Amino acid sequence: MEVVAQAETASMMENQLVEDPPYSRFTWTIKNFSGLIANKYYSENFFIGGYKWRVLIFPKGNKVDHLSMYLDVADSANLPNGWSRYAHFSLAVVNQINNKYTVRNDTQHHFNAREGDWGFKSFIPLSELYDPGRGYLVYDTCIVEAKVAVLRIVNYWTYNSKKETGFVGLKNQGVASYMNSLLQTLYHIPYFRKAVYHMPMTENDMPSGSIPQALRSLYYKLQYRNDSVATKELTMSFGWNTCDSFMQPDVQELNRVLCEKLEDKMKGTVAEGTIHQLFEGHHMNYIECINVDCKSTRKESFYDLQLDVKGCRDVYASFDKYVEVERLEGDNKYHAEQHGLQDAKKGVLFSDFPPVLQLQLKRFEYDFMQDTMVKCCDVEDCGEFDL
């Protein structure tokens, strides 16, 4: 294997706190790529932010049928106890025919002794990478790029979120981080937040007993408080006790219950219809016979979509799977009126999407053998899922 590497340096002080830190670029040109026989290869070291880095690749995939590629701390074995580095980076396989088709993924990670490398297990399918017509291997040469920005590690004991970002967060109550994510996502939709503020309240509406009032109080505090906000009033309005806060119900179910409560409260007010306008979309379920002229359709509304993650590289692949056509044949033929049992196609077509499309990623599935919910993929794989 012959490699040619070059690094472009950029000035950045280790302790400098910047919103958009400058990146440094490293290019690794790998010749005779198809002849690589070892399981993994490292690039030469390059310096960024005063630290040594290198790119790690698995040319035949790290137990997957994709090229696997990671950013690695080059001198991790020789660093003192407690070392850590925080970096935002992107890795790319350059398309040498048309740069438009260069495959680039970015992420950020807090590197330490336990996690000295981080990246993408399923970067690009091997079938695409080794296809000479695709442009990723030209004259059996592959070009890999890394763009890295080393960030200052923040001392969270003294960090002032309001001062640095203009926002504060929510205190984690039990194992309700999923709830905090949902609440903050909705909070950052201005139209939704404004509708919550416009819901009428009575003097008898106490936050601990009214979901709409508790949410309004929570959002007011998020907007005007200088420190993190507790969610206890809101969970009390759900009817949760302390033990409930340590049980993790389905976030999709919580979202639907919350929106239903708000929708009822908004009826007859200036905020009426907000939930529909923001989150409601429509799709068409259909069954179409193959050999006779017979088709059945049913239009349905949705407020969120559950997408498969397992076996899907990104959200586009998940949508492809969602609308995948099912064949009804053999013992599973469709019973069509006036035509009896018929071979048919069954599927879903989207009519329209809402202004705010809520996607629930199915990272868990029911295992009949274990009689419990299990992850569809390991943490590393799910972390690579591209939105």
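Definitions and limits used
Residues numbered from 1 in each chain as written. Predicted model: local features only at pLDDT ≥ 70, side-chain atom pairs only at ≥ 80, totals over all residues. Heavy atoms only, no water. Helix = DSSP H or I, 4+ residues; strand = E, 2+ residues; numbered from the N terminus. Areas by Shrake-Rupley, 256 points an atom, 1.4 Å probe, with all protein chains shown as cover. Salt bridge = Lys/Arg side-chain N within 4 Å of Asp/Glu carboxyl O. Buried < 20%, exposed > 50% of the residue type's maximum accessible area, 1.4 Å probe, protein only. Pairing = 2+ DSSP bridges. Axes fitted to C-alpha atoms, helices over the stretch in contact; angles between N-to-C directions. Disulfide = S-S within 2.5 Å. Core = buried A, V, L, I, M, F, W, Y, C linked by side-chain atoms within 4.5 Å. Contact = heavy atoms within 4.5 Å. Expected span 1.5 Å × (residues − 1). Polar contact = N/O pair within 3.5 Å; in protein donor to acceptor, adjacent residues only side chain to side chain.

**Student:** Give me the lowdown on the overall build of the protein, citing residues and values where you can.
**Tutor:** Across its full length, the protein carries ten helices and 20 strands. Here the protein has roughly 22,400 Å² of accessible surface; of this, 48% comes from carbon and sulfur atoms.

**Student:** Talk me through the pattern of salt bridges; I want residue IDs and the actual numbers.
**Tutor:** Going through the model one piece at a time under the given rule, you end up with 14 salt bridges. With a closest N to O distance of 3.1 Å, arginine 85 and aspartate 75 form a salt bridge. Note that arginine 85 is positioned in strand β7 (residues 84-93) and aspartate 75 in the loop between β6 (66-73) and β7, a separation of ten residues in sequence. Accessibility expressed as a relative area gives 4% for arginine 85, which makes it buried. Of the residues examined, aspartate 75 reaches a relative accessible area of 18% and is grouped as buried. With a shortest N-O distance of 3.2 Å, glutamate 145 and arginine 104 are connected by a salt bridge.

**Student:** Requested: an account of the sheet that holds strand β11 (residues 281-289), with residues and values cited.
**Tutor:** Pairing between the strands of a sheet comes from backbone hydrogen bonds, and it takes one of two forms, parallel or antiparallel. Spatial ordering of the open sheet is given by β12-β11-β17-β14, a layout of four strands whose pairing is antiparallel. What marks the edges here is a single partner per strand, and that holds for β12 (295-302) and β14 (326-328). Across the sheet, the mean angle from the axis of one strand to that of its neighbour is 25 degrees, orientation sign disregarded. Two strands pair when backbone bridges link them, and β11 and strand β17 (residues 344-352) are joined in this way by eight bridges, in the antiparallel orientation. Pairing of glutamate 288 across the sheet is with lysine 345, part of β17.

**Student:** Describe the state of the cysteines, listing the residues and the values that go with them.
**Tutor:** By definition, a disulfide links two cysteine residues through a covalent bond between their sulfur atoms. One pass over the full model with this rule turns up zero disulfides. Free of any disulfide, cysteine 289 has its nearest neighbouring cysteine sulfur in cysteine 294, separated by 4.2 Å.

**Student:** Residues and numbers for unusual backbone geometry, please.
**Tutor:** Positive phi, close to 65 degrees, is recorded for lysine 63, a residue that is not glycine. Positionally, lysine 63 belongs in the loop between β5 (51-58) and β6. For lysine 63, a relative accessible area of 81% gives the class exposed. The backbone phi angle of aspartate 140 is positive, close to 60 degrees, even though this residue is not glycine. Among the residues examined, aspartate 140 registers a relative accessible area of 25% and is labelled partly exposed.

**Student:** Explain the nonpolar core to me, and be specific about the residues and the numbers.
**Tutor:** Counting 35 residues, the largest nonpolar core has Phe33, Phe46, Trp53, Val55, Ile57, Leu129 and Val148 as the members making the most contacts within it. Considering each element in turn, this core owes the most residues, five residues, to strand β10 (residues 142-151). The residues touching leucine 129, leaving out its near neighbours within four places in the chain, are Phe33, Leu67, Val93, Ile124, Tyr136, Leu137 and Cys142. Tyr178, Leu183, Tyr187 and Leu254 belong to the second-largest nonpolar core, a separate cluster that totals 32 residues.

**Student:** I'd like a description of helix α5 (residues 211-224), backed by residues and values.
**Tutor:** With 14 residues, α5 extends 20 Å from end C-alpha to end C-alpha; this agrees with the ideal 20 Å at 1.5 Å per step. Here α5 lies mainly inside the structure; ten of its 14 residues are buried. Along α5, the residues classified as buried are Ile211, Pro212, Gln213, Ala214, Leu215, Arg216, Ser217, Leu218, Tyr219 and Leu222. Those residues of α5 that are buried lie in contact with α2 (161-165), α3 (177-187), α4 (190-197), α6 (232-237) and α7 (251-266).

**Student:** Can you break down the side chain of asparagine 95 residue by residue, with the values?
**Tutor:** Its location among the elements puts asparagine 95 in the loop between β7 and β8 (103-112). The buried category is assigned to asparagine 95, whose relative accessible area is 5%. For asparagine 95, the side chain forms a polar contact with the main-chain nitrogen of asparagine 98, separated by 2.8 Å. Setting aside anything within four residues of it in sequence, one finds asparagine 95 in contact with Tyr101, Thr102, Arg134, Gly135 and Tyr136.

**Student:** Give me the lowdown on the environment of lysine 321, citing residues and values where you can.
**Tutor:** Mapped onto the secondary structure, lysine 321 falls in helix α9 (residues 315-322). The exposure class of lysine 321 is partly exposed, given its relative accessible area of 35%. Spatially, the C-alpha atom of lysine 321 lies 7.5 Å from that of aspartate 308, the residues being 13 residues apart in sequence.

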